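Secondary and tertiary structure notes
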Amino acid sequence: MSKDSYLVGLIGSGIGPSLSPALHEREADRQGLRYLYRLIDIDALGVPPEAVGDLVRAARDLGFDGLNITHPCKQLVIEHLDALAPQAEALGAVNTVVFDDTGRATGHNTDVTGFAASFARGLPDAPLERIVQLGAGGAGAAVAHATLTLGAARVTVVDAVPERAAALAASLNRHFGDGRAAHATPDALPRLSTTADGIVHATPTGMAAHPGLPLPAELLHPALWVAEVVYRPLETELLRTARALGCATLDGGGMAVFQAADAFRLFTGREPDAVRMLADITDLAGTLGAPPQASSGKR
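Residues numbered from 1 in each chain as written. Predicted model: local features only at pLDDT ≥ 70, side-chain atom pairs only at ≥ 80, totals over all residues. Heavy atoms only, no water.

A pair of packed helices is characterised by two quantities: the angle between their axes and the separation of those axes. Contact pair helix α5 (residues 111–122) / helix α6 (residues 138–149): the axes reach a minimum separation of 8 Å and the direction vectors enclose 50°. In this view, α5 runs oblique relative to α6, as classed from their interaxial angle. The element α5 and its partner α6 pack so that their crossing is right-handed. Of α6, the residues touching α5 (which contributes Asp111, Val112, Phe115 and Ala116) are Ala142, Val143, His145, Ala146 and Thr147. Taken together, the residues that form the contact of α5 with α6 break down as 6 nonpolar, 2 polar and 1 charged. (Axes fitted to C-alpha atoms, helices over the stretch in contact; angles between N-to-C directions. Helix = DSSP H or I, 4+ residues; strand = E, 2+ residues; numbered from the N terminus. Parallel < 35°, antiparallel > 145°, perpendicular 65-115°, else oblique. Left-handed = near helix turned anticlockwise from the far one by under 90°. Contact = heavy atoms within 4.5 Å. Nonpolar A, V, L, I, M, F, W, Y, C, P; charged D, E, K, R; others polar.)

So, about helix α10 (residues 253–268). When the terminal C-alpha atoms of α10 are compared, their 22 Å separation across 16 residues agrees well with the 22 Å that a helix rising 1.5 Å per residue should span. Across the 16 residues that make up α10, a large majority, 14, are buried. One or two positions beyond α10, positive phi appears at Gly269, with a value near 75°. (Expected span 1.5 Å × (residues − 1). Buried < 20%, exposed > 50% of the residue type's maximum accessible area, 1.4 Å probe, protein only.)

Attention now moves to the pairing of strand β8 (residues 154–158). By the criterion of burial, β8 is predominantly enclosed, with 4 of the 5 residues buried. Bridge count between strand β7 (residues 130–134) and β8: 5 bridges; the pairing is parallel. The residue bridging Leu134 from the neighbouring strand is Val158, located in β8. Handedness of the crossover is the feature at issue here: the chain leaves β7, passes through α6, returns alongside β8, and the resulting connection is right-handed. Pairing analysis gives 4 bridges linking β8 to strand β9 (residues 181–184), with the strands arranged parallel. When the sheet's bridge partners are listed, Val157 is paired in β9 with His183. (Pairing = 2+ DSSP bridges. Right-handed = clockwise from strand over helix to strand, strands pointing away.)

This part takes up the sheet that holds strand β5 (residues 96–99). Strand pairing in a sheet takes place through backbone hydrogen bonds and is either antiparallel or parallel in direction. Spatially, the 6 strands line up as an open sheet ordered β2-β1-β3-β5-β6-β4, and their pairing is mixed. Each end of this open sheet is capped by a strand with a single partner; those strands are β2 (34–41) and β4 (83–84). Across 4 bridges, the pairing between β5 and strand β6 (residues 105–108) is antiparallel. Across the sheet, the residue bridging to Phe99 is Ala105, located in β6. α10 rests against β1 (5–12), β2, β3 (66–69), β5 and β6 of the sheet, and its axis sits at about 10° to β5.

Here we take up unusual backbone geometry. Here the residue pair His71 and Pro72 is connected by a cis peptide bond, since its omega of 5° sits within 30 degrees of zero. In this fold, Pro72 is placed in the loop between β3 and β4. With an omega of 15°, the peptide bond between Arg232 and Pro233 qualifies as cis. Take Pro233: it is sitting in the loop between β11 (225–228) and α9 (237–244).

The next point concerns the confidence of the model for the chain. Taken over all residues, the pLDDT of the chain has a mean of 93, while the share at 70 or more is 95%. Below a pLDDT of 50 lies the segment residues 287–299, which in the model reaches 40 contacts outside its immediate sequence neighbourhood of four places, other chains included. (pLDDT = per-residue confidence, 0-100.)

Within the secondary structure layout, Thr96 lies in strand β5. Exposure remark for Thr96: the relative accessible area of 0% places this residue in the buried category. Here Asn95 takes part through its side chain, which lies 3.2 Å from a polar atom of the side chain of Thr96. (Polar contact = N/O pair within 3.5 Å; in protein donor to acceptor, adjacent residues only side chain to side chain.)

All right, on to the side chain of Asp280 then. With respect to the element layout, Asp280 can be found in helix α11 (residues 274–284). For Asp280, a relative accessible area of 6% translates into the label buried. Not counting residues up to four positions away in its chain, the partners in contact with Asp280 are Leu23, Arg26 and Arg30.

Let us look at the pattern of salt bridges. Under the definition given, this model contains 16 salt bridges. Residues Lys74 and Asp111 are paired through a salt bridge, measuring 2.7 Å at the closest nitrogen-oxygen approach. Note that Lys74 is positioned in the loop between β3 and β4 and Asp111 in helix α5, a separation of 37 residues in sequence. Both residues of the pair, Lys74 and Asp111, count as buried. A salt bridge links Arg243 to Glu235; the shortest N-O distance between them is 2.5 Å. Its relative accessible area of 32% is what places Arg243 among the partly exposed residues. The structure contains a network of salt bridges with shared partners spanning Arg26, Glu27, Arg30, Asp273, Arg276, Asp280 and Asp283. (Salt bridge = Lys/Arg side-chain N within 4 Å of Asp/Glu carboxyl O.)

Have a look at this one:
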């Protein structure tokens, strides 16, 4: 590659604890690249999520090579881009923007491949007949697509905003076939959790800035596996509670690494080493032991 210097960034809310800058910069250092990764926190800037278009344009004008996009801007950013990769268009959510030499901005989604790779690695034998997913936002769209691509028979999307859950379920059925997705409101969780094989959590609850549980603890039981999207902290209250009850669990670290590796490839055209990056996130998160992986609970 002729280019050896890159400027990228992350746009989102409450992103101060993000490990993305260090993940990208460590891998770039190993590849001999000059690579600066900057946080663009809308909270610190005092601007609303709807300002994402202005921030994308400013980054382009300042010479950024690309951006990662996170909550709550993954869907709002779409109207401000010049083109969408097929997967991002199908999802209606973007987590990676690449600027070409002319400044043209193309949106991609590496959350889908990131979650799929992490799940296949961490919960390879998990049953996938009936899945309950919490959250229908940008991350929710990505992990629902990933779960169905992995072979889930049916995903029920639960969201506090009924219209959002219904829209995602309709989109999933169009893409994967009628009956593969359904939607529900949180008051249906007691019924859904009793027959589910697993729960996928795809809301901000559990992040450093949004502590807590996304569902009542009494709805968890040992027959469930629980997969988390949140990775900071790696052990959320949901995972800690589920593990104590004997559930098999998957933390969000693997998804964070695999989506970052895919974004790195898009930004630089170079092949990242995901195994090294898995070790990085364990080190960066201050945890002990092996790279992020599933913990086997009693079945």
